[in-house]
2 protein chains.
Amino acid sequence: MGHTIETNRPLTLGLFGFGAFGKLVARELADHFEITVCDPAYVGAVLEDGRAFAMRDAEETARADIVVLAVPVARIAHVCQQIAPHIRVGALVVDVGSVKTAPMGHMAKHLPRHANILGTHPLFGPQSAKSGIADRKIAICRERGNRQRVTRRFLRSLGLEVIETTAEAHDREAAMVQGLTHLIAKVLNDLGPLPDQMTTVSFDLLREAVGMVKNDPPTVLHAIEVANPYAAEIRNAFFDRAEKIRAQFEAV
Amino acid sequence: MGHTIETNRPLTLGLFGFGAFGKLVARELADHFEITVCDPAYVGAVLEDGRAFAMRDAEETARADIVVLAVPVARIAHVCQQIAPHIRVGALVVDVGSVKTAPMGHMAKHLPRHANILGTHPLFGPQSAKSGIADRKIAICRERGNRQRVTRRFLRSLGLEVIETTAEAHDREAAMVQGLTHLIAKVLNDLGPLPDQMTTVSFDLLREAVGMVKNDPPTVLHAIEVANPYAAEIRNAFFDRAEKIRAQFEAV
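Residue positions are counted from 1 within each chain, in the order its sequence is given. Chains carry letters from A onward and ligands carry numbers from 1 onward, assigned in written order. Given that the model is predicted, a residue must reach a pLDDT of at least 70 before its local features are reported, and side-chain atom pairs must reach 80 or more before they are shown or counted; all residues, however, enter totals for whole chains, interfaces and linings. By convention in this description, side-chain values take in all heavy atoms of the structure and omit both hydrogens and water.

In the nomenclature of an unreviewed UniProt entry, chain A is known as Prephenate dehydrogenase of Shimia isoporae.

1. Things to note about the nonpolar core
Among buried residues, the Ala, Val, Leu, Ile, Met, Phe, Trp, Tyr and Cys ones that are joined through side-chain atoms within 4.5 Å form a nonpolar core. Three exposure classes are used, based on accessible area relative to the maximum for each residue type with a 1.4 Å probe and protein chains only: buried under 20%, partly exposed in between, and exposed over 50%. Grouped together as the largest cluster of nonpolar side chains are 51 residues, with contacts concentrated most on Leu188(A), Phe238(A), Leu180(B) and Phe238(B). The numbering of helices and of strands both runs from the N terminus, where a helix is a DSSP run of H or I of at least 4 residues and a strand a run of E of at least 2. For this core, the elements supplying multiple residues, two or more each, are α6 (167-190), α7 (201-213) and α9 (231-251) of chain A together with α6 (167-190), α7 (201-213) and α9 (231-251) of chain B. Pairs of residues are marked as contacts when any of their non-hydrogen atoms sit within 4.5 Å. If we ignore the near neighbours within four places in the chain, the residues touching Leu188(A) are Leu194(A), Val210(A), Leu180(B) and Ile184(B).

2. Section: the pattern of salt bridges
One speaks of a salt bridge when a side-chain nitrogen belonging to Lys or Arg is within 4 Å of a carboxyl oxygen belonging to Asp or Glu. Following the criterion strictly, the structure yields 28 salt bridges over all chains and no others. The closest approach of N and O atoms between Arg27(A) and Glu28(A), which form a salt bridge, is 2.8 Å. The salt bridge partner of Arg235(B) is Glu225(B), with a shortest N-O separation of 3.1 Å. With Arg235(B) in helix α9 and Glu225(B) in helix α8 (residues 218-227), this residue pair connects regions lying 10 residues apart in the sequence. Accessibility assignment for this pair places Arg235(B) and Glu225(B) in one class, buried. In this structure, a network of salt bridges that share partners links the residues Arg9(A), Asp65(A) and Arg88(A).

3. Quick look at the pairing of strand β4 (residues 52-55) of chain A
Whether two strands pair comes down to DSSP finding at least two bridges between them. Bridge count for strand β2 (residues 34-38) of chain A against β4(A) is 2 bridges, and the pairing is parallel. Residue pairing across strands places Val37(A) opposite Met55(A), the latter belonging to β4(A).

4. What about the domain arrangement of chain A?
All names here are of chain A. Per the annotation, domain bounds derive from an automatic or database assignment of domains. The assigned domain composition of chain A is domain 1 (12-165) and domain 2 (169-251). With 13 residues of domain 1 at the contact, the number on the domain 2 side is 14 residues. Looking only at domain 1, the three residues that lose the most surface to domain 2 are Ser98, Val99 and Gln127, adding up to 40% of its buried area. Across the domain 1-domain 2 interface, the total number found is 0 salt bridges. Under the rule applied, a polar contact is a pair of N or O atoms within 3.5 Å (in protein, one hydrogen donor and one hydrogen acceptor; residues adjacent in sequence only if both atoms are side-chain atoms). One can count 4 residue pairs in polar contact (both at pLDDT 80 or more) joining domain 1 with domain 2. Here the quantity called buried area is the total loss of accessible area, with a 1.4 Å probe, experienced by two parts when brought into contact, counted for both.

This is the structure in structure tokens:
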């Protein structure tokens, strides 16, 4: 990554989606690629620090060396169908969704055979990567083509810890990691403002965890709690355990 | 604190209980007082670093300038009855329990009128104060006498953040702070080993919080979940919210 071998021109990156995570992608990759953005919800693509990116329509954005799909998981299939005819031979297409089986299935189904495809899940967000992505984690899953190694090397050069896995293994673990975090955050937020004075260290950690995810948009929650095929199982285990514990307390 | 005005001899401190928290008290206060320990469960009172303390019976231990009750909340009434006849005029008696109304009630009822009494709740434990108590928090509640100011000054000199409150206000807030932390820890521990590789920052914080309290002894859980008069209310609110959220998910 970085430059093409033939021409030494910077690689182009077409970014679909300029929401919270799309902005984070642009912020972290602006120095490495020539980025164009496609997001009908925005008139201009400008970061908080003033850096601006060219906006193009879907067709032009899709004609990049690397295409990053930072759109809601529920939109992946549609976007893939829309961009498929314009993907270059040998291009790399990656998503960044919090769930991997369904989105990677859509990419495999709708994108051309000549596209390299990787599923990725950056295990961080605008809150946890506020001061940078160094030492944060990213999961990558190969779907098609031979770009896994160069991508891994590039991601490591950004300071990321790269976890190579499969869509199924990813979703099973994420159901617990993200499913439980969001469930607990939802219960605690519903209980009203949490104490912040007379607190223990462990409670401060809980509160910090909850604070990190409570502003996640509904699309992220949808991916974690609905699109992940293992989410319901974990959720039910959580609620079942909670009920058993309630019964234990009531028996005291 | 530190030295008596009249003789300049170091103040004596009688420590009841050499469990996990008693050891922490001894470790932090050994340089400030001449400590004797009473705990029938131990033959010798030796810290991990080799420092040893004289062990005495309850009667002798109670005849100190300062008496610290680091015994389970459920034992406070009994210990107070046992030591009451031996408490010196002007001595300061403090407890360190995770709940304040009941223990302070017992101290007020059973200890002599000439004793100064403070309820304290150090908002840390062996895990969260592993590397020291600087910047940790402690709640103190006045029950009887005039030792609140000197105690506050001394605790601050140890680097602690001192929160002055009442038994009722303390218990109401602790029901949420500790009650919720322990409930969530119990549910998560029951779900089995938590992922530790493909994790988000927020999940790592959750796991750290759970890890800090999961080895708390049953006596601490009893104080937090049973002896705290507001614990049941908070617990029910938690379970009720969890059920509502479950219903919301099932309706999707």
